[in-house]
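Residues per chain are reported as follows:
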Amino acid sequence: MPNIRILRDIKARNGVNANEIVRRAYLYVARNQTLPPSVRYQAQLQLNTFGKYTRPTTVKNRCHESGRGRGIIGEFALSRYQFRMKALAGELPGVVKASW
């Protein structure tokens with residue numbers, strides 16, 4: 001059963017992907033100094049209507065196993081502890097314990 005943090009992160013990622021183009025267009029219009037203030041104001045109002053999980057800053061790298069938000073190894077989307085446990089168990093292809 002996935003952790004609530006993992007489910008929230010998945011929801012945020014889906015929301016950002018679904019609304020990215022429209023948000024960027026409104027952001028461009030809102031920040032463009034050459035446009036009239038009324039147009040920029042309307043674009044800012046439209047940006048404010050977007051939900052919480054459509055903002056890219058709500059997306060955080062989390063471990064897919066435990067939901068931990070720190071010490072994430074990006075290629076595997078695992079925390080360092082989960083990465084170690086899976087590597088020692090041989091569940092990660094191409095990862096072997098180093099010895100020299």
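Summary of the structure given here. Just so it is clear, the structure is predicted and the values come from calculations on it, not from any experiment.

**A word on helix α3 (residues 80-89)**
All of the buried residues in α3 are Q82, F83 and K86. One side of α3 holds all its buried residues, which, seen down the axis, span an arc of 100°. The exposed residues of α3 that point more than 90 degrees off its buried face are R80 and Y81. Tucked into the core, α3 has its buried residues touching β1 (72-73) and β2 (78-79). Where α3 ends, the next residue or the one after it, G90, has phi of about 80°, a positive value.

**As for helix α1 (residues 4-31)**
The terminal C-alpha atoms of α1, which comprises 28 residues, lie only 35 Å apart, well short of the 40 Å expected from a rise of 1.5 Å per residue. The largest bend in α1 is about 60°, located at E20. Within the sequence span of α1, burial applies to I6, D9, A12, G15, V16, R23 and A30. Taken together, the buried residues of α1 touch α2 (37-48). Put simply, N3 is the residue that caps the front of α1, since its side-chain oxygen is 3.0 Å from the backbone nitrogen of R5.

**What about the environment of R80?**
Assignment of secondary structure puts R80 in helix α3. Along the backbone, R80 and R68 are 12 residues apart, and their C-alpha atoms lie at a distance of 9.7 Å. Discounting chain neighbours no more than four positions away, the residues touching R80 are R68, G71 and I73.

Parameters and conventions
- Residues numbered from 1 in each chain as written.
- Predicted model: local features only at pLDDT ≥ 70, side-chain atom pairs only at ≥ 80, totals over all residues.
- Heavy atoms only, no water.
- Buried < 20%, exposed > 50% of the residue type's maximum accessible area, 1.4 Å probe, protein only.
- Helix = DSSP H or I, 4+ residues; strand = E, 2+ residues; numbered from the N terminus.
- Arc of directions from axis to C-beta.
- Contact = heavy atoms within 4.5 Å.
- Expected span 1.5 Å × (residues − 1).
- Bend = angle between axes of the 7 residues up to and from the residue.
- Polar contact = N/O pair within 3.5 Å; in protein donor to acceptor, adjacent residues only side chain to side chain.

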